[in-house]
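# Understanding the architecture of this molecule
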Amino acid sequence: MSPARPFQVRRVVVKVGTSIVTRGDGRLALGRLGALVEELHALHQHAEVVLVTSGSIGLGAARLGYDAVPSEVVDRQACAAAGQGALIATYDALFRQLDLAAAQVLLTEDDFLHRRRYLNLRATLERLVARGAVPVVNENDTVSTLELACGRDRVFGDNDRLSALVAAGLDADLLVLLTDVDGVYTAAPGTPDACRIDTWQDDKVSLGPGSALGRGGMGAKLRAARMAQHVGVHVVIASGFVPGVLGRVVAGDVEGTWFPAQAGLSQRGRWLAYASAPDGRITVDAGAREAILSRGASLLPVGVTQVEGDFSASAIVSLIGPDGTEFARGVAASDARSARARCGQSGERALIHRDDIVFLQLDPEAQ
Ligand code: GLU
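Residues numbered from 1 in each chain as written. Predicted model: local features only at pLDDT ≥ 70, side-chain atom pairs only at ≥ 80, totals over all residues. Heavy atoms only, no water.

### Thoughts on the pattern of salt bridges
Counted under the stated rule, the structure contains 16 salt bridges. Ionic pairing is found between Asp173 and Arg10, a salt bridge with its closest N-O pair at 3.1 Å. Here the residue Asp173 occupies a position in the loop between helix H8 (159–169) and strand E5 (174–179), and Arg10 occupies one in the segment before strand E1 (11–16), the gap between them amounting to 163 residues. The exposure class assigned to Asp173 is buried, which follows from its relative accessible area of 14%. You can call Arg10 exposed: its relative accessible area is 52%. Among the salt bridges present, the one from Asp171 reaches Arg270, with a minimum N-O distance of 3.3 Å. You can see Asp171 sitting in the loop between H8 and E5 and its partner Arg270 sitting in helix H11 (residues 267–275), a full 99 residues away along the chain. Here Asp171 falls in the partly exposed class, since its relative accessible area comes to 44%. Under the relative-accessibility criterion, Arg270 is labelled buried at 9%. The network of salt bridges with common partners includes Arg11, Glu48 and Glu126. (Salt bridge = Lys/Arg side-chain N within 4 Å of Asp/Glu carboxyl O. Helix = DSSP H or I, 4+ residues; strand = E, 2+ residues; numbered from the N terminus. Buried < 20%, exposed > 50% of the residue type's maximum accessible area, 1.4 Å probe, protein only.)

### Overview of empty space enclosed by the protein
Under the definition given, this model contains two cavities of 30 Å³ or more. Here the largest cavity defines a volume of roughly 40 Å³. Lining the largest cavity, in full, are Phe112, Tyr118, Leu121, Arg122, Leu125, Leu165, Val166, Gly169 and Leu170. Only helix H6 (115–130) and H8 provide two or more residues apiece to the lining of the largest cavity. Broken down by class, the residue content of the lining of the largest cavity amounts to seven nonpolar, one polar and one charged. (1 Å grid on protein atoms, 1.4 Å probe; cavity = no way out; pocket = protein on both sides within 12 Å on 5 of 7 lines; lining within 4 Å. Points joined across faces, edges and corners; volume = space filled by probe spheres on them. Nonpolar A, V, L, I, M, F, W, Y, C, P; charged D, E, K, R; others polar.)

### Focus: the sheet that holds strand E10 (residues 316–320)
Strands sit in the order E9-E8-E10-E11-E12 across an open sheet of five strands; the sheet is mixed. Each edge of the open sheet is held by one strand with a lone partner, namely strand E9 (304–309) and strand E12 (357–359). Taken over all neighbouring pairs, the strand axes of this sheet differ in orientation by 25° on average, direction set aside. Pairing analysis gives five bridges linking strand E8 (residues 280–284) to E9, with the strands arranged antiparallel. In the strand pairing of E9, Thr283 is matched with Gln306. The sheet contacts of H11 involve E10, strand E11 (326–331) and E12, and relative to E11 the element is tilted by about 125°. (Pairing = 2+ DSSP bridges. Axes fitted to C-alpha atoms, helices over the stretch in contact; angles between N-to-C directions. Contact = heavy atoms within 4.5 Å.)

### Thoughts on the nonpolar core
Membership of the largest hydrophobic core comes to 51 residues, with the highest contact counts inside it found for Phe112, Val166 and Leu175. Dropping the residues within four chain positions of it, Val166 is found in contact with Val13, Val50, Leu107, Phe112 and Leu125. (Core = buried A, V, L, I, M, F, W, Y, C linked by side-chain atoms within 4.5 Å.)

### Description of the environment of Pro301
Along the chain, Pro301 turns up in the loop between helix H12 (286–295) and E9. Separated by 41 residues in sequence, Pro301 and Arg342 place their C-alpha atoms 5.9 Å apart. Excluding anything up to four places from it in sequence, Pro301 contacts Arg342, Cys343, Gly344, Gln345, Gly347, Arg349 and Leu351.

### Concerning the packing of aromatic side chains
This model, assessed by the stated rule, comprises five aromatic pairs. Taking 5.9 Å as the distance between ring centres and 65° as the angle between the ring planes, the aromatic pair formed by Phe7 and Trp258 counts as edge-to-face. A residue pair is termed long-range when its members are at least 10 positions apart, and Phe7 in the segment before E1 and Trp258 in strand E7 (residues 257–259) qualify at 251 residues. Trp258 carries the same exposure label as Phe7, and that label is buried. (Phe/Tyr/Trp six-rings, centres within 6.5 Å; stacked < 30°, edge-to-face > 60°.)

### A look at the side chain of Gln267
Inspection of the secondary structure assignment puts Gln267 in helix H11. A polar contact is formed between the side chain of Gln267 and the backbone oxygen of Ala168, at a distance of 3.0 Å. For Gln267, the contacting residues outside a window of four places in its chain are Tyr118, Arg122, Ala168, Gly169, Leu170 and Asp171. (Polar contact = N/O pair within 3.5 Å; in protein donor to acceptor, adjacent residues only side chain to side chain.)

Remember, this is a structural readout, not a statement about activity or role.
Below, the structure is given as structure tokens:
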């Protein structure tokens, strides 16, 4: 019998959340971690495996004597410093028992934002998997939360997004988000109207009020999953509490919620769309938005209503629709001053050439 979900898994990124890694009292859930590592080892027999793991802050909070996971940034940074060592030491010991090398990779926003660092990161991860190691990735919380103060949008604010960026950057076939809920529900799990969505299709899904999105960080998972499917990665959100779930997900069995991979973006397009930090914003009218999205047109000055920022030619800029929503990114063909001077005027010289524009995944309501 052919699998319900026909994907070939040569490279898989698995993300586990704090609720899977730690027990209610903040200590390591050793049984679960041991089982997870055994499943990853089985997977590693026929696929390359990358693990993205949360848990350093929760674990560190228990170690440093906090009653609960603190909310203040400096406390969380201290917790991450205290917890990450214990986390990686445990993975290292468990993988070692199965003759696998765990390789710690701690990432900050800058590793994605700067294209050279991003390419370097990709090369390092590629080398690790080629050497048969399992990269064990987490955000470098001890330093990177400082960046919160800088006032710009974050590339990733959570490990769901981080795992989606890693999967996109590494051309993974599959991203598995293991959490404490066995998928995305149409309403809060346990309520009468709640049913699990097996396959996520934007046009078919309607989430009821009070749906599962507010719980267990499901909103963040959903956004990360939709981003990864948009660039061309299959995603499954499944329960990390169910033994053997990973093997069944990879075999294509119906487990959790599946986000089928879409046609996909090139590697440059993936970075441009989701990892870069735009230097400016160009707002366009409805006609220009439509021409770009439906006909793949270049951006001409006539459709531009506003140019913000002080960017140079070849900088990355956001394209904003009349509703204020960013719908694409592109590489500017001229600097901000000349773009502003030509704003709204006719003329065939494009402000952004069609080949330098990538579309973003839009919210279903905004499409
Ligand atoms: N990096 C955080 C930790 O290790 C978790 C962040 C997240 O789960 O989104 O505790």
